[in-house]
Amino acid sequence: KNREERRNRVSGAPNQADNIDPTNPNWEFAQMIEDCRLELGVAPLSFQNEVVRDHRICVCVRKRPINKKETKAKTVDVVTLPSKDQILVHEPKLKVDLTKYLENHKFHFDYTFDENTTNETVYRFTAQPILRTIFDQGIATCFAYGQTGSGKTHTMGGDFTGKQQNFNLGIYAMVAKDVFDLLRAQQYAQLELKVSCSFFEIYGGKVFDLLARRAKRRVLEDGNNKVNVVDLKETPVLSVASVLNAIKDGSAVRTSGQTSANAHSSRSHAVFQIILRTTRGKLHGKFSLIDLAGNERGADTSSANRATRIEGAEINKSLLALKECIRAMSNNANHIPFRASKLTQVLRDSFIGEKARTCMIATLAPGQNSVECTLNTLRYADRVKELGPDAKQAPPLEPNNDLAYLHQSLRSQGEEEEGPEMYNFHHAVDMLQEAEDNLVDEHQQCIQENKEYLKQEEAILERVEGDVAYDIEDYA
């Protein structure tokens with residue numbers, strides 16, 4: 001009764017019954033959420049006069065609109081943005097007596113963007129402020145993180161019209177445009193820098209070059225701890241158009257799979273890099289833009305086959321390792337566990353040095369059916385954001401084993417739900433992948449050796465067939 005009276009005072013509605021939709025089984029939850037928004041005085045967010053703040057590590061959240069499928073299913077929007085740095089998730093709950101109620105979860109971030117925010121605005125507050133880092137011999141990195149179907153690829157790549165994507169409207173293109181604009185600026189023109197790009201994906205712990213027909217590449221580390229993706233294609237680019245062509249070609253061959261969230265889910269981490277080099281070919285700066293794989297937990301693939309379960313474990317491990325590397329970066333730690341996953345290994349430079357700067361865009365699906373994944377995304381992003389000088393850090397008991405270090409750190413923070421079993425599983429998957437790589441290498445070597453042997457045999461046979469008086473003993 002009090003809720004109804006309060007709502008009538010605020011909105012002027014005659015009574016609650018007028019807003020009941022008997023065809024929507026979730027109308028009561030929708031009504032509770034609407035009442036909460038009225039109390040908070042929620043209004044569309046505007047960033048027109050907002051000042052862009054400087055961050056070494058910037059974490060923001062972007063809420064996508066309810067889509068047509070969710071509208072048809074009468075899905076309730078459970079995500080509210082009361083201000084430009086707060087987000088509220090209304091989790092529908094049932095009491096023992098089946099009474100419906102909401103459990104509200106509040107989070108704070110550097111920025112929160114609602115469903116009306118454009119890619120241009122998101123870019124202005126996230127990737128654009130760290131762009132100049134690469135002109136000052138630094139490393140800039142931008143991650144898009146979230147569940148499948150929450151808008152990561154839309155944010156990084158651009159708007160979709162059906163299955164066609166307009167790459168001009170994504171963060172990839174905006175970074176490329178600003179890079180070429182800055183190259184012509186008086187401040188940097190004298191450097192005579194050359195621009196190139198690379199595009200690869202990490203799938204199942206393996207690296208595939210998207211600009212070379214998905215050729216598999218090896219990741220090697222030299223004696224100076226410098227990580228190299230061997231034979232990765234680096235394409236020189238002279239304009240924004242050539243960058244967009246590279247993105248389009250690479251995106252066309254990126255691995256997709258099927259999950260319960262999206263029939264064409266991106267199941268790999270896509271890493272697009274814009275690289276600045278001097279006229280002598282020396283690396284000057286690098287901007288890595290990463291469209292991370294969907295962060296769904298094992299429950300989403302409970303009916304999947306063995307290969308898909310291993311794939312999911314690899315994704316989860318890389319996301320955990322990413323968080324720990326950002327933790328170490330924030331604390332200026334002596335040890336960064338970048339070897340715990342292939343993703344963090346190839347991005348090692350992104351976590352090291354005072355000139356490394358990072359932003360993370362956590363994307364959210366607002367429907368009530370996605371509330372568990374939405375909360376997982378926000379908790380992950382919240383843990384990244386709260387990392388600072390006072391954050392707990394695990395003692396480096398096993399600094400030479402980054403995977404063990406990763407799980408040890410998670411246990412020290414009470415974040416490892418599965419206990420030692422998850423470490424054993426991740427370790428077993430690593431051993432399996434290493435054995436697979438060794439087998440493939442041995443197989444290739446065997447084929448090459450056999451090719452050489454067969455060439456020699458063919459040459460002997462040709463001599464015999466071309467000479468009627470050949471020496472039989474010599475042939476034998």
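Residues numbered from 1 in each chain as written. Predicted model: local features only at pLDDT ≥ 70, side-chain atom pairs only at ≥ 80, totals over all residues. Heavy atoms only, no water.

Enquirer: Any chance you could explain the packing of helix H6 (residues 171-184) against helix H8 (residues 240-252) here in plain terms?
Expert: Helix packing geometry: the angle between the two helix axes and the distance between the axes. Orientation of H6 relative to H8, taken along the N-to-C sense of each, is 150°, at an axis distance of 9 Å. Between H6 and H8, the angle falls in the class roughly antiparallel. Considering the relative orientation of H6 and H8, their crossing is right-handed. Contacts between H6 and H8 pair Tyr172, Ala173, Ala176, Lys177 and Phe180 from the former with Val240, Val243, Leu244 and Ile247 from the latter. In the contact of H6 with H8, the residues fall into eight nonpolar, no polar and one charged. (Axes fitted to C-alpha atoms, helices over the stretch in contact; angles between N-to-C directions. Helix = DSSP H or I, 4+ residues; strand = E, 2+ residues; numbered from the N terminus. Parallel < 35°, antiparallel > 145°, perpendicular 65-115°, else oblique. Left-handed = near helix turned anticlockwise from the far one by under 90°. Contact = heavy atoms within 4.5 Å. Nonpolar A, V, L, I, M, F, W, Y, C, P; charged D, E, K, R; others polar.)

Enquirer: Got a minute to help me understand the sheet that holds strand E4 (residues 100-108) in this structure?
Expert: Each strand in a sheet pairs with another by means of backbone hydrogen bonds, the pair being arranged parallel or else antiparallel. Across the sheet, which stays open at both edges, the three strands sit in the order E2-E3-E4 with antiparallel pairing between neighbours. Strands at the two margins of the open sheet, each flanked by one partner only, are strand E2 (79-83) and E4. Averaged over all neighbouring strand pairs, the angle between strand axes comes to 30°, with direction disregarded. Both E2 and strand E3 (residues 86-94) contribute to a ladder of three bridges, which runs antiparallel. Across the sheet, the residue bridging to Ser83 is Gln86, located in E3. (Pairing = 2+ DSSP bridges.)

Enquirer: Would you take a moment to explain the environment of Gln273 for this structure?
Expert: Note that Gln273 resides in strand E17 (residues 269-277). On the basis of relative accessible area, Gln273 is assigned to the buried category, the value being 5%. Excluding anything up to four places from it in sequence, Gln273 contacts Ser196, Cys197, Ser198, Phe200, Lys286, Phe287, Ser288 and Leu347. Here Ser288 takes part through its side chain, which lies 3.1 Å from a polar atom of the side chain of Gln273. (Buried < 20%, exposed > 50% of the residue type's maximum accessible area, 1.4 Å probe, protein only. Polar contact = N/O pair within 3.5 Å; in protein donor to acceptor, adjacent residues only side chain to side chain.)

Enquirer: So what exactly am I meant to see when it comes to the nonpolar core here?
Expert: Within soluble globular proteins, side chains that are nonpolar tend to cluster in buried spots. Counting residues in hydrophobic clusters, the biggest one holds 100 residues, and the most contacted among them are Val175 and Phe287. When residues in this core are grouped by element, the largest group, ten residues, is from H6. Discounting chain neighbours no more than four positions away, the residues touching Val175 are Tyr123, Ala127, Leu131, Ile274, Phe287 and Leu289. (Core = buried A, V, L, I, M, F, W, Y, C linked by side-chain atoms within 4.5 Å.)

Enquirer: I keep staring at the state of the cysteines and nothing clicks. Help me out?
Expert: Put plainly, a disulfide is one covalent bond tying together the sulfur atoms of two cysteines. In the structure shown here, the tally under the stated rule is zero disulfides. With no disulfide of its own, Cys359 lies closest to Cys142 among cysteine sulfurs, the gap being 3.3 Å. Residue classification places Cys359 among the buried positions, given a relative accessible area of 0%. (Disulfide = S-S within 2.5 Å.)

Enquirer: Which parts of the structure should I look at to understand the pairing of strand E10 (residues 206-209)?
Expert: Strand residues, when the strand is regular, have side chains that alternate between the two faces of the sheet. The side-chain alternation of E10 yields two buried faces, one formed by Lys206 and Phe208 and the other by Val207 and Asp209. Note: strand E9 (residues 194-203) against E10, four bridges, orientation antiparallel. Among the inter-strand pairings, Glu201 is bridged to a residue of E10, identified as Phe208. Connecting E9 to the antiparallel partner E10 that follows it, the hairpin turn spans two residues, and Gly204 within it adopts a positive phi of roughly 60°. Examined bridge by bridge, E10 and strand E11 (residues 215-217) share three bridges and lie antiparallel to one another. From the neighbouring strand, Phe208 faces E11, where its bridge partner is Lys216. Once E10 ends, the chain turns through five residues before running back antiparallel as E11, passing Arg213 with a positive phi of about 55°.

Enquirer: Help me out: how do you make sense of the pattern of salt bridges in this one?
Expert: Side-chain pairs of opposite charge can arise whenever the charged atoms involved come near each other. Under the definition given, this model contains 20 salt bridges. Across the salt bridge formed by Glu221 and Arg339, the nearest N and O atoms sit 2.8 Å from each other. With a gap of 118 residues between them, Glu221 in strand E12 (residues 219-221) and Arg339 in the loop between helix H9 (306-330) and helix H10 (342-346) connect regions that are remote in the sequence. Given a relative accessible area of 39%, Arg339 falls into the partly exposed group. Its salt-bridge partner being Arg327, residue Glu324 comes within 2.9 Å of it at the nearest N-O pair. Remark: Arg327 and Glu324 occur in helix H9; sequence separation between them is three residues, near one turn of the helix. Under the relative-accessibility criterion, Arg327 is labelled buried at 1%. Salt bridges here are not isolated pairs; linked through shared partners, they connect Arg37, Lys63, Asp77 and Glu115. (Salt bridge = Lys/Arg side-chain N within 4 Å of Asp/Glu carboxyl O.)

Enquirer: What am I meant to see in unusual backbone geometry here?
Expert: Trans peptide bonds make up most of the peptide bonds, and negative phi angles are found at most residues other than glycine. Here the phi dihedral of Leu98 falls at roughly 70°; this positive angle occurs in a residue that is not glycine. Following the sequence through the fold, Leu98 ends up in the loop between E3 and E4. For Leu98, a relative accessible area of 63% translates into the label exposed. Notably, Arg214 is not glycine yet its phi reads approximately 60°, a positive angle. With respect to the helices and strands, the residue Arg214 is situated in the loop between E10 and E11.

Enquirer: Explanation requested: a nonpolar patch on the surface in the structure shown.
Expert: On the surface, Ile460, Leu461, Ile472 and Tyr475 cluster together into a nonpolar patch covering about 350 Å² of accessible area. For the nonpolar patch, the secondary-structure elements that each account for two or more residues are helix H13 (420-465) and helix H14 (472-475). Here Ile472 lies in helix H14. (Patch = residues over 30% accessible without salt bridge, like charges linked within 9 Å, V, L, I, M, F, W, Y side chains within 5 Å. Areas by Shrake-Rupley, 256 points an atom, 1.4 Å probe, with all protein chains shown as cover.)

Enquirer: Would you take a moment to explain the side chain of Glu201 for this structure?
Expert: By the element assignment, Glu201 lies in strand E9. Here the side chain of Glu201 touches Arg214 through a polar contact of 2.5 Å, side chain to side chain.

Enquirer: Whenever I open this one, H8 confuses me. Can you help?
Expert: Since the α-helix advances by 3.6 residues per turn, residues separated by three or four positions end up pointing in the same direction. Over its 13 residues, H8 runs 18 Å from end to end, which matches the ideal 18 Å to within 8%, given 1.5 Å per residue. Buried residues of H8: Val243, Leu244, Ala246, Ile247 and Gly250, and no others. Relative to the axis of H8, the buried residues are bounded by an arc of 160° and lie together on one face. Across from the buried face of H8, at angles greater than 90 degrees, the exposed residues are Lys248 and Ala252. As for H8, its buried residues are in contact with H6, E9 and E17. (Expected span 1.5 Å × (residues − 1). Arc of directions from axis to C-beta.)

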